[in-house]
Amino acid sequence: MGLIIEKGELGTTTVYKFIGILDISTANRLDTLLEDTFGINTLIFDFSELDFIDSTGIGFIINAIYLSQEKNVHLKFEGMKELTHQIFETVGVYRILDGIQREGV
Amino acid sequence: MFFDSLTYNYQTNTQERQSTIDKSLQREINLARNIQSKLLNGKTPTFEGGEVSGSSLPARLIGGDYYDFYLLVNGKIRIVIGDVMGKGIPAAMLMILTRGAFRSAAESTQGPGETLTAMNQALYEDLRTLKSFVTLFCADWDPKTCLLTYANAGHNLPLWIKGKSNIIEELPIINGIMVGGLPKQVYKEHHIHLEEKDTIFFYTDGIIEAQNGMGERYKLERLIQALLKNKDLGAGEIEKCVMTSINEFTEGVPQRDDITMVLLKISQQKTDISSLNSPVLG
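Structure report, in brief. (Residues numbered from 1 in each chain as written. Chains lettered and ligands numbered in written order. Predicted model: local features only at pLDDT ≥ 70, side-chain atom pairs only at ≥ 80, totals over all residues.)

On to the overall build of chain B. Assigned secondary structure in chain B consists of five helices and 12 strands. Overall, the C-alpha framework of chain B stretches about 85 × 40 × 35 Å when taken along its three principal axes. Taking all 282 residues of chain B together, the buried fraction comes to 40%. Put simply, 73% of the contacts in chain B that link residues at least 6 apart link residues at least 24 apart. (Helix = DSSP H or I, 4+ residues; strand = E, 2+ residues; numbered from the N terminus. Buried ≥ 20, exposed ≤ 12 C-beta atoms within 10 Å, placed from the backbone. Contact = placed C-beta atoms within 7 Å.)

Put into structure tokens, the structure is as follows:
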């Protein structure tokens, strides 16, 4: 099973829905995902159909947080499953998002 | 396309060159594996009143998991376990970087919280440049007071096996961001009192995420069962039993993540620490 990314746009908001597995075998496809954020004010990552995420996937999320700050885009997470939520909580993803959006680095 | 001796020689030479490069790369990877294995599975400290043991099994030839012990001059033992983002050679390189930072920080810091704070300070810029991070759990075991003091940088909580009962639970929660996540982090500490026959099981998530041929995961429940079943054995024996349990479950299916565990087992309370000022490396 791989990763499918569905993109949705509504005005200045772009939603990326991650379906499947976000791990070392799929995360390299995401490098270019956030290159072009022209005209985007809000970026939403929808994890409601994410089945598995490993450390490489977490690394992508952390980089996306930093990139969103550089590009002045507001990043939000939606559709958190219990397991994904637990992982984000344990490694500190929410606190990094909060810290970057509140204070920057 | 045509075939003549010139083309043939070119192809043969190219194949030979590629074969030589492959062999050379394989040899270097094996050397790197040996270096990592020796650094990871180095000397295990011995001390009165308990024992520690650790092992790591990389999913690929080399891995990004890390554990270490550091004997402090006050008789305490500092334990660290960590998981570097990614797999294989890149993760292994960062693991060596992490080891250096831990050894350096352990020497100059008072407790596990300070150690993680110093490590984040030392590694943050490099890890951000490389778009990577490492989760770490660090703990000081004090045989004199029977206190385990710990701090967490984004790692899963170790399991506390209470030897006098059939209870296994996670250590009381303490939060901290992964090393490399944000700069200027200060890691808080928490402590617990351990009793005779208690065991602390530190591990990386490769254990509970190990998969069998059906795609099922080993999960925390199976780990807890394996630990309960073998809790009265020594640290090294428990470690072997857990590994056997994982192997029986996975039935030889190649794993996606490294598997690492460290055990601290308390054998007697209120140890006479007069001999502990200079713990012995065995």
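Don't stop here, the text continues.
Here the focus is the overall build of chain A. From N to C terminus, chain A includes three helices and four strands. Overall, chain A shows an N-to-C arrangement of helices and strands of β-β-β-α-β-α-α. For chain A, whose C-alpha radius of gyration is 13 Å, the value lies close to the compact-globule estimate of 13 Å for 105 residues. Principal axes of the C-alpha set define a box for chain A whose edges measure 35 × 25 × 20 Å. Relative to its 105 residues, chain A shows a buried fraction of 31%. Taking all contacts inside chain A whose residues are at least 6 apart in sequence as the whole, residues at least 24 apart take part in 76%. (Rg over C-alpha atoms; globule rule 2.2 N^0.38 Å.)

For the rest of this paragraph, the subject is the nonpolar core. One finds Ile79(B), Leu136(B), Val179(B) and Phe202(B) to be the most contacted residues of the largest nonpolar core, which totals 85 residues. Per element, the largest residue contribution to this core is eight residues, and it comes from helix H2 (residues 88-108) of chain B. (Core = buried A, V, L, I, M, F, W, Y, C linked by C-beta atoms within 7 Å.)

Here the focus is the sheet that holds strand E3 (residues 42-53) of chain A. Neighbouring strands of a sheet are bound in pairs by backbone hydrogen bonds; such pairs are parallel or else antiparallel. All names here are of chain A. Pairing is mixed in the open sheet, where four strands are placed in the order E1-E2-E3-E4. A strand with exactly one partner marks an edge of an open sheet, and here the two such strands are strand E1 (3-10) and strand E4 (74-78). In this sheet, adjacent strand axes meet at a mean angle of 20 degrees when their direction is disregarded. Pairing of E3 with E4, which is carried by five bridges, proceeds in the parallel orientation. Following the sheet pairing, Phe45 is matched in E4 by Phe77. (Pairing = 2+ DSSP bridges. Axes fitted to C-alpha atoms, helices over the stretch in contact; angles between N-to-C directions.)

A separate point is the interface of chain A and chain B. The interface of chain A with chain B comprises 15 residues on the first partner and 17 residues on the second. Among the elements of the structure, helix H1 (55-70), helix H2 (82-91) and helix H3 (93-103) of chain A are those that each provide at least two residues to the side of chain A that touches chain B. Looking at the side of chain A that touches chain B, the element that brings in the most residues is H1(A), giving six residues.

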